[in-house]
Amino acid sequence: MKLLFFFLIFLSLVSLSQPLEAQWVSDPEFDSHAQKGIDYTYNLDFDAATREFKELINLQPEHPAGHFFLAMVDWWRILLDLEDESRDEEFINKLDKVIQMCDARLKKDEKDLTALFFKGGAIGFRGRLRANRGSWLKAANDGRRALGIVKKASELAPENHDILLGTGIYNYYAEVAPQRYPLLKPLMWFLPKGDKRKGIEQLRLCSENAKYARTEAAYFLMQLYFFFEKDYWNVLQLAAELHRKYPNNSLFHRYLGRAYVAINRMEDAKGIFTEVLKRHDESRPGYNKASAREAYYYLGMYELNFGKPEEALKLFTLAERLSQDLDKGTVSGFRVMANLRIGMAYDLLKKRNEAVQSYRRVLAMNEYEDSHKLAKQYIQTPYSAY
């Protein structure tokens, strides 16, 4: 099921943000409102973004851009808290309206590039949400349809830098996904061959030269460098720039902290996650329980690394408690690793019985990275910082 989920996300990502970024509108006023609304959306100022996108509808009622952008405001609200399904129906309804508007344009001109992009993106986003919600067959069908539409749009405008977002994403994941998940190889027989290096280069060019897609391309580059390439210096560079441009975006903020942790700049990481926790306590948009859990965990790592097991134990315990609330039907990596670190903190405090209990809890959970190996090791030999 996880493999299927990954494949469906991979297909829907092909069209994830192309329509959001690639309208080629000629009206400067329309374009100005679109640009402002996109920036407001990334900076999580949803009310301001909504005002800008409604102005697009007032300016050009028959253009799908305003309706699509309004749906993207909903998407970011959903993305910040995927456990909350209360916005799903409204989001799907807005996407369906975009698809209907695009179909009307395509009946008049089957090569209407704007209609192709917005339709492909709307179907792709719908498929992505359906995959997140476990509607596998509907998600698979949306992914298949979106892929065909984006391919046609790419053939019509192959030199456009904004289009490189979609082709770059496809080229990268079409090579990487089957390598990581061999069971996907038979499915790839029916799709064009990927090229990882070409995909990265296309995304880089898009992030530097596209009119609208720069931020989205940088976001995808940051994610693939972090999760697949393990190139944390590039993650740091991209995260720092995204956080500078959109300082209120909690996801970009947290990626910057993760990058500092990955390259062992723990003082910098402490500063980032202290601010993340502060914004959570202030109820800032996007700084939810998941943000607080991550902050508690990495701040706990800082204290543990610098020989303060009592402080670390408190922070890891807070992360574990939030995981109990956040993990619904699954056990997250944060919960697994928080329990492992709790055991390590107990060992440093010479509380061996409590430490062993924590390690045994880890063994009762699903494997996450080397969690079982380390838990067995520390059951045999108490953890020591030296």
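By convention here, each chain's residues receive numbers from 1 onward along its written sequence. pLDDT decides what is reported in this predicted model: residues at 70 or higher carry local features, side-chain atom pairs at 80 or more are listed and counted, and totals for whole chains, interfaces and linings draw on all residues regardless. Computation of side-chain values covers all heavy atoms of the structure but excludes hydrogens and water.

Trainee: Kindly report on helix 4 (residues 46–59), identifying the contributing residues and their values.
Mentor: Where helices and strands are cited, they refer to DSSP runs of H or I of at least four residues and of E of at least two residues respectively, numbered from the N terminus. Working rule for helices: expected span equals 1.5 Å times residues minus one. Spanning 14 residues, helix 4 covers 20 Å between terminal C-alpha atoms, matching the ideal 20 Å at 1.5 Å per step. All of the buried residues along helix 4 are Phe-46, Ala-48, Ala-49, Thr-50, Glu-52, Phe-53, Leu-56 and Ile-57. We call two residues in contact when some of their heavy atoms are within 4.5 Å. On its buried side, helix 4 packs onto helix 3 (28–42) and helix 5 (65–80). The cut-offs for exposure are 20% and 50% of the maximum accessible area for each residue type, with area from a 1.4 Å probe on protein chains only; residues under the lower value are buried, those over the upper are exposed, and the others partly exposed.

Trainee: Requested: an account of the side chain of His-372, with residues and values cited.
Mentor: Following the sequence through the fold, His-372 ends up in helix 20 (residues 371–380). The class for His-372 is buried, based on a relative accessible area of 17%. For this analysis, a polar contact is any N or O atom pair within 3.5 Å, provided that within protein one partner can donate a hydrogen and the other can accept it, and provided that sequence-adjacent residues contribute only side-chain to side-chain pairs. Here Glu-367 takes part through its side chain, which lies 3.0 Å from a polar atom of the side chain of His-372.

Trainee: Tell me what's going on with unusual backbone geometry, and back it up with residues and numbers.
Mentor: Although it is not a glycine, Asn-264 adopts a positive phi angle of roughly 65°. Residue placement: Asn-264 occurs in the loop between helix 14 (250–262) and helix 15 (266–281). Here the phi dihedral of Lys-350 falls at roughly 65°; this positive angle occurs in a residue that is not glycine. Note that Lys-350 resides in the loop between helix 18 (333–348) and helix 19 (352–363). Lys-350 gets classed as exposed once you look at its relative accessible area, which sits at 73%.

Trainee: An account of the packing of helix 16 (residues 289–305) against helix 18 is requested, with residue identities and associated values reported.
Mentor: Where helix 16 meets helix 18, the closest approach of the two axes is 11 Å, and the angle between their N-to-C directions is 30°. In terms of axis orientation, helix 16 runs roughly parallel to helix 18. For the pair helix 16 and helix 18, the crossing hand works out as left-handed. Between helix 16 and helix 18, the contacting residues are Arg-293, Glu-294, Tyr-297, Tyr-298, Met-301 and Leu-304 on the first element and Phe-334, Met-337, Ala-338, Arg-341, Met-344, Ala-345 and Leu-348 on the second. Under this grouping Gly is polar, as are all residues other than the nonpolar Ala, Val, Leu, Ile, Met, Phe, Trp, Tyr, Cys and Pro and the charged Asp, Glu, Lys and Arg. For the contact of helix 16 with helix 18, a count of residues per class yields 10 nonpolar, no polar and 3 charged. Here the axes come from fitting lines to C-alpha atoms, over the contacting stretch only for helices, and the angles between their N-to-C directions go from 0 to 180 degrees. Each angle gets one of four labels, with under 35 degrees taken as roughly parallel, over 145 as roughly antiparallel, 65 to 115 as roughly perpendicular, and the rest as oblique. It is the rotation of the near helix from the far one that decides the hand of a crossing: anticlockwise by less than a right angle makes it left-handed, clockwise makes it right-handed.

Trainee: Kindly report on the nonpolar core, identifying the contributing residues and their values.
Mentor: Within the largest apolar cluster, 115 residues are counted, with the highest numbers of intra-cluster contacts made by Phe-68, Phe-69, Trp-76, Phe-91, Met-222 and Leu-224. At 12 residues, helix 5 tops the list of elements feeding residues into this core. Each residue touching Phe-91, except ones within four places of it in the same chain, is listed here: Ala-71, Met-72, Asp-74, Trp-75, Ile-78, Phe-125 and Leu-129. For our purposes a nonpolar core is just a set of buried Ala, Val, Leu, Ile, Met, Phe, Trp, Tyr and Cys residues, chained together by side-chain atoms within 4.5 Å.

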